[in-house]
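One-letter residues, chain by chain:
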Amino acid sequence: MSIEPIGIFDSGIGGTSIWKEIHAVLPFENTIYLADSINAPYGLKSKQDIIDLSVKNTEYLLNKNCKLIVVACNTATTNAIDYLRHNYKVPFIGIEPAIKPAALKTQNRAIGILATKGTLSSALFSKTATLFASNIQVVEQIGDGIVELIEEGKLHSDEMKSLLKLYLKPMLEANIDYLVLGCTHYPYLIPLLLELLPDHVKIIDSGEAVARQTKAVLEQKQLINTQHTKPKTLFFTNGHPEVMQQLLGPGFKVQHLHF
């Protein structure tokens, strides 16, 4: 048993969508969430910059005695997780777009993927797409501007709706029946996407699978917290605490951090 916290980091507040899934599956685990909002989005940065930022985030969480770290960022996973696993002893859980389930389930032989440039241009994404989606049409779309709008608290703005309409157009023209969300900020778009998509298009994100994997690794390494007491949940951001507070809702305190 280990009462030490699970550490979670993202290039901003989007990874709170992953935190919610983990908290639902592991309600007694203590957690520390770190949002590097000042550097969001990671998707536009070089591979080396993404590795450097991921190292900085990891070091911060390790200094807080985290027993496992969830890289709640698709771009950081695809560019930095191999480096992190090689250089640190704690287990790391990564995130990649759920191409496999979409490719296996599509009836129309066409799926859409909305992700950052850093994810879509990564070697891991290319390998996964080749492995599972080589015989279907994959409409890739870089979600330029989406992360920035969410970080600024403009999730429900007209600007966001216009961007989404623009990004969905080629996907709808290709008659997709699955839309894969390849960034942890994007699950917050689901209510908007449901308004804009035809009923037959299903949306898939990685959150639930990541939570299940986190639980499996904790069990395997005998790190599960078996104390059934109210967990400590700490949230830190170097961006705007009020925007994260809005996404989390009441009952959670977000602390501003200079780092």
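Values in this document were obtained by computation on a predicted structure and should not be read as measured data.

Student: Can you help me understand the packing of helix 1 (residues 16-25) against helix 10 (residues 207-220) in this one?
Tutor: Geometry of a packed helix pair, given as the angle between the helix axes and the separation of the axes. Two numbers describe how helix 1 lies on helix 10: the axes approach to 8 Å, and their chain directions differ by 50 degrees. One element, helix 1, and the other, helix 10, form an angle in the oblique class. For the pair helix 1 and helix 10, the sense of crossing is right-handed. Every residue of helix 10 that contacts helix 1 at Ile18, Glu21, Ile22 and Val25 is listed here: Gly207, Glu208, Val210, Ala211, Thr214 and Lys215.

Student: I keep staring at the sheet that holds strand 7 (residues 178-182) and nothing clicks. Help me out?
Tutor: The strands making up a sheet associate through backbone hydrogen bonding, with each pair oriented either parallel or antiparallel. The strand order across the open sheet formed by 4 strands is 6-5-7-8, and the pairing between neighbours is parallel. The two strands at the open ends of the sheet, each matched to only one other strand, are strand 6 (137-142) and strand 8 (202-204). Between one strand and the next, the sheet's axes are offset by a mean angle of 20 degrees, whatever the strand orientation. Where strand 7 lies against strand 8, 3 bridges are found, and the strand directions are parallel. Across the sheet, residue Tyr178 finds its bridge partner in strand 8, namely Lys202.

Student: Help me understand helix 8 (residues 158-173), please; the structure alone is not making it clear to me.
Tutor: Think of an α-helix as turning once every 3.6 residues; residues three or four places apart then point the same way. For helix 8, which comprises 16 residues, the first-to-last C-alpha distance of 23 Å matches the rise-based estimate of 22 Å (1.5 Å per residue) to within 8%. Its maximal kink placed at Tyr167, helix 8 deviates by approximately 30 degrees, while the proline Pro170 follows within four residues. When we look at burial in helix 8, the residues that qualify are Met160, Leu163, Leu164, Tyr167, Leu168 and Met171. Taken together, the buried residues of helix 8 touch strand 5 (110-115), strand 6, helix 7 (146-151), strand 7 and helix 9 (190-196). Phi turns positive, to about 60 degrees, at Asn175, one or two residues after helix 8.

Student: I tried to follow the pairing of strand 1 (residues 6-10) on my own but got confused; where do I start?
Tutor: For a regular strand, side-chain orientation follows a simple rule: the groups alternate between the two sheet faces. For strand 1, a buried count of 5 out of 5 residues is recorded, marking the element as mostly surrounded by other parts of the structure. Side chains Ile6, Ile8 and Asp10 of strand 1 all project onto a buried face; the interleaved residues Gly7 and Phe9 project onto the opposite face, where all are buried too. Crossover handedness for the path strand 1 to helix 1 to strand 2 (residues 31-35): right-handed. Examined bridge by bridge, strand 1 and strand 3 (residues 68-71) share 4 bridges and lie parallel to one another. Counted as the bridge partner of Ile6 is Leu68 from strand 3.

Student: Please explain unusual backbone geometry as it appears in this structure.
Tutor: Glycine aside, the phi torsion of most residues is negative, and most peptide linkages are trans. Here the bond from Ala40 into Pro41 is cis, since omega is -5 degrees, no more than 30 degrees from zero. Mapped onto the fold, Pro41 is located in the loop between strand 2 and helix 2 (47-63). A positive phi angle is found at Asn175, which is not glycine, with a value near 60 degrees. Of note, Asn175 is situated in the loop between helix 8 and strand 7.

Student: How should I be thinking about the environment of Glu4 in this particular structure?
Tutor: Looking at the secondary structure, you find Glu4 in the segment before strand 1. We classify Glu4 as partly exposed; its relative accessible area is 35%. The spatial distance from the C-alpha of Glu4 to the C-alpha of Cys183 is 27 Å, given a sequence separation of 179 residues. Non-local contacts of Glu4, meaning those with residues more than four positions away in its chain, are made with Glu29, Asn65 and Lys67.

Rules used in this analysis
Residues numbered from 1 in each chain as written. Predicted model: local features only at pLDDT ≥ 70, side-chain atom pairs only at ≥ 80, totals over all residues. Heavy atoms only, no water. Axes fitted to C-alpha atoms, helices over the stretch in contact; angles between N-to-C directions. Helix = DSSP H or I, 4+ residues; strand = E, 2+ residues; numbered from the N terminus. Parallel < 35°, antiparallel > 145°, perpendicular 65-115°, else oblique. Left-handed = near helix turned anticlockwise from the far one by under 90°. Contact = heavy atoms within 4.5 Å. Pairing = 2+ DSSP bridges. Expected span 1.5 Å × (residues − 1). Bend = angle between axes of the 7 residues up to and from the residue. Buried < 20%, exposed > 50% of the residue type's maximum accessible area, 1.4 Å probe, protein only. Right-handed = clockwise from strand over helix to strand, strands pointing away.

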